[in-house]
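# Overview (structure and organization)
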Amino acid sequence: MHRPLQPSKHISLPALHNSIPESIGVSVFNNSQLEIMEQLQSRGDDYDEACIAVSIDDGDLIFRRRKQQQGRKYVVLSPKLAFLLVSFSLGELGDGLNIFQGVYLVGLGWKEGSVGLALSLMGLTSLFVQPFAGDIVDRAAIDRRLFLVVASIVTALSASAIFLVQQGQHDHALIYSTKVIEGVASSFIAPCLAALTLATFGPHHFDRIMANNMFYGHIGSVAAAVIAGAVAFILYPKIKFCFLVIGVAALGALVIIPFLPQGDPLMGRGFQGKVAMDEYGQLERLESDESTVAIQNHSKDKPPQALPYWEVFSDPRTAILCSTGFFFHFANANVLLVLGELMSSSDNDDGTPRQSAIPLIAGAIVLAQITMAFATYIGDKLTLCGIGRKPLFLAGLVSLPIRCALIIIWKDRGDAWLLSTQILDGLGGGLCGLIHPYLIADITFGSGRFNVVMGLTASCFGLGATLSNFLGQLVVEKFGHVASLTGSLFMSILPILLFLFMPETLGQRTHHHYRARDMDAVDSYNPII
C-alpha cells in the first residue's frame with residue numbers, strides 16, 4: 001500500500017530514500033545527511049524503516065523523521081515532477097472538451113445560437129468569479145491544494161452533465177446551469193496552481209517551472225483530444241462516450257495533487273519569501289534589496305500588509321494587459337468553433353454529424369496544442385536567453401489576423417487546409433499563455449496581490465471569449481461563417497496596437513539576488529523520481 005509523504009509544514013522535499021537500509025553508506029547519502037542520521041542514531045533511533053522529510057518553519061530548515069508503519073512504504077515524488085503530472089491531468093480536464101460538446105449538441109438538434117449561449121455561460125460566470133477566486137486564494141488560510149481538489153471534482157462533474165442531454169431541443173436548463181457551476185469551479189484551478197508554483201519555487205524559478213507546467217498542460221490537452229476523438233470515431237454514432245475522458249482526467253489530478261508541496265503561502269501571493277526551491281530540488285535562501293516593495297518586516301503574529309486593491313488595479317501595465325487580452329480573446333475564441341463547423345458542414349442526411357466530424361475537431365485541437373507546447377518550449381528558451389516579454393507576446397498577437405485571413409481564403413479547399421491554420425492558433429495561444437503569468441508576476445511582485453490580478457486579467461480575457469462565442473455564433477446564424485471570420489480579422493488588429501504601449505517588464509524581479517543557502521542539512525540533493 002502506497003501513500004504520499006505529507007509535508008510537516010510549508011515546503012516538503014522528497015524523502016532522502018524510500019527505505020533507509022541497515023548499513024548506511026556514502027554511496028546512498030552525502031556526508032551532511034549522514035551527520036544528521038548519526039545525531040539521530042545517537043539518541044537511539046532505528047533507521048531500518050525510517051524516512052527523512054525536510055520542511056521550512058519561518059525560513060529555518062527542519063529535518064523530521066517519519067516512521068513507516070509495518071508493511072507500508074512511502075511513495076515520494078520530486079516537487080517538479082508532481083507539478084508536471086498535475087498540470088498534465090488538468091490539461092486533460094481542460095475546459096470540459098467544450099468544442100466537442102458544442103459539435104455534439106448541434107448534432108442533437110440544438111441551434112448554433114443556443115450552443116453559443118451554453119458555451120458562453122461558463123466564460124461569463126468565470127468573468128465575475130475569477131477576481132474573487134484569486135483574492136480568496138491569496139487571503140485564505142486553507143491549504144491551496146484543497147481548493148485544487150474541490151475545483152477539479154466539481155469541474156469534472158458539471159462537465160459530465162452532457163451525458164444526460166437527450167435528442168432534440170431539450171435539456172437547455174441542465175446544460176446552462178451546469179456550465180455556470182463549471183465556470184465557478186474552474187476559476188480556482190489556474191490561480192491555485194500558479195500560487196502553489198510561486199510558493200514553492202519563488203520568484204527566481206517561477207518562470208521556468210510555470211513554462212514546464214504549461215508545456216505538460218498542453219500535452220495533456222493533446223492526450224485528451226486524441227483519446228476523445230478516437231473513442232468518438234470507434235464508437236460512432238455513440239460519440240458521447242468520448243466525454244469519459246473528463247472523469248479520467250479528474251481522477252488523475254486527485255491522485256497526484258496530495259504530492260504537491262504547499263510552499264510558503266505568503267510567497268505564493270507575491271510577497272518576498274525567505275527560502276525557495278530551485279528546479280533541481282535544492283533549497284536556497286532568498287535575499288533582496290531593502291529598497292524594494294517586496295521586503296516586508298513581518299513575523300507569524302504580524303503578517304505583511306498587501307498593497308491596496310486600487311493601487312494594483314490602476315497600474316497602467318495592468319490596464320494595458322487587461323484590454324489587450326480582452327480584444328485578443330474577443331477576436332479569437334469563436335474562430336475554432338467556426339472552423340469546426342466548416343469542417344463538419346457536410347453532415348449526414350438526418351442532420352447528425354458525419355463520423356469524421358469529432359475526429360476532425362480532435363485533430364484541430366491536437367495540432368494547436370502540439371504547436372502551443374512547441375511555442376511554450378521555444379518561448380521559455382528565448383526568455384532564458386534574455387528576450388523580453390513584449391516581443392514574445394506581440395508575436396503571439398500577430399498570429400491571429402494571419403490565421404483568420406487564411407481560413408477565409410482556404411474555406412473551400414478542404415479539411416486539410418483548414419486544419420493547418422491551427423498551427424497559428426497554437427503559436428498565438430502558446431506564446432500569449434506563457435507570457436501572461438510572467439507579466440503578472442513582474443507587475444505584482446511584492447504587492448501581495450499576485451492571484452487577484454491573475455483573476456482580474458483572466459476575467460477580462462474570459463469576457464472577450466464569452467462575447468466572442470455568443471456574438472460570433474449569432475453572426476454565423478444570421479450572416480454565415482465568412483462574415484464572422486471577417487469580424488474576427490479586423491478585431492484582431494486592435495490588441496496589437498494596444499500592446500505596443502506596454503513597457504518591458506523583464507528584469508523587474510532580478511534586482512532581488514539569490515544565493516544558495518549554506519546548509520549543513522542539504523549540500524547535494526538529487527530528487528527521487
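Quick notes on the rules
- Residues numbered from 1 in each chain as written.
- Predicted model: local features only at pLDDT ≥ 70, side-chain atom pairs only at ≥ 80, totals over all residues.
- Heavy atoms only, no water.
- Helix = DSSP H or I, 4+ residues; strand = E, 2+ residues; numbered from the N terminus.
- Buried < 20%, exposed > 50% of the residue type's maximum accessible area, 1.4 Å probe, protein only.
- Contact = heavy atoms within 4.5 Å.
- Areas by Shrake-Rupley, 256 points an atom, 1.4 Å probe, with all protein chains shown as cover.
- Lys, Arg positive; Asp, Glu negative; His and termini not counted.
- Salt bridge = Lys/Arg side-chain N within 4 Å of Asp/Glu carboxyl O.
- Axes fitted to C-alpha atoms, helices over the stretch in contact; angles between N-to-C directions.
- Parallel < 35°, antiparallel > 145°, perpendicular 65-115°, else oblique.
- Left-handed = near helix turned anticlockwise from the far one by under 90°.
- Phe/Tyr/Trp six-rings, centres within 6.5 Å; stacked < 30°, edge-to-face > 60°.
- Lys NZ or Arg CZ within 6 Å of the ring centre and 35° of its normal.
- Patch = residues over 30% accessible without salt bridge, like charges linked within 9 Å, V, L, I, M, F, W, Y side chains within 5 Å.
- Nonpolar A, V, L, I, M, F, W, Y, C, P; charged D, E, K, R; others polar.

Right, let's get into the overall build of the protein. Along the backbone of the protein there are 17 helices and 7 strands. Every one of the 529 residues in the protein was classed for burial, and the buried ones make up 57%. Long-range contacts, defined here as pairs at least 24 residues apart, represent 81% of the contacts in the protein between residues at least 6 apart. For the protein, the exposed area adds up to about 21,700 Å²; of that, 63% sits on carbon and sulfur atoms.

Quick look at the side chain of D138 now. You can see D138 is positioned in helix 4 (residues 112-139). No salt bridge is formed by the buried D138. Its closest oppositely charged neighbour is R269, at 4.4 Å. When sequence neighbours within four positions are dropped, the list of residues in contact with D138 reads R144, R269, G448, R449, F450, N451 and V452.

A word on the packing of helix 14 (residues 422-444) against helix 15 (residues 450-479). For the pair helix 14 and helix 15, the least separation of the axes is 9 Å and the interaxial angle reads 135°. On the basis of their axis angle, the class for helix 14 and helix 15 is oblique. With respect to the hand of their crossing, helix 14 and helix 15 are arranged in right-handed fashion. When helix 14 is examined against helix 15, the residues H436, P437, I440, A441 and T444 are found in contact with a partner set consisting of F450, V453, M454, T457 and F461.

This part covers the packing of aromatic side chains. Enumeration over the complete set of coordinates arrives at 11 aromatic pairs. The rings of F326, F327 and F330 are connected pair by pair, giving a single aromatic cluster. Sitting over the face of the ring of W417, R413 holds its NZ or CZ atom 4.8 Å from the ring centroid. Here the basic side chain of R449 rests over the ring of Y309, its NZ or CZ set 3.8 Å away from the ring centre.

A cluster of nonpolar residues, F233, I234, L235, F241 and L244, forms a patch on the protein surface that exposes about 490 Å² of accessible area. For F241, the location among the structural elements is in the loop between helix 7 (189-234) and helix 8 (244-256).

For the pair helix 15 and helix 16 (residues 481-491), the least separation of the axes is 7 Å and the interaxial angle reads 140°. It follows that helix 15 is oblique to helix 16 by the angle criterion. Only H481, A483 and S484 of helix 16 make contact with helix 15, whose side of the interface consists of G472, V475, V476 and F479. Split by residue class, the contact of helix 15 with helix 16 holds 4 nonpolar, 3 polar and no charged.

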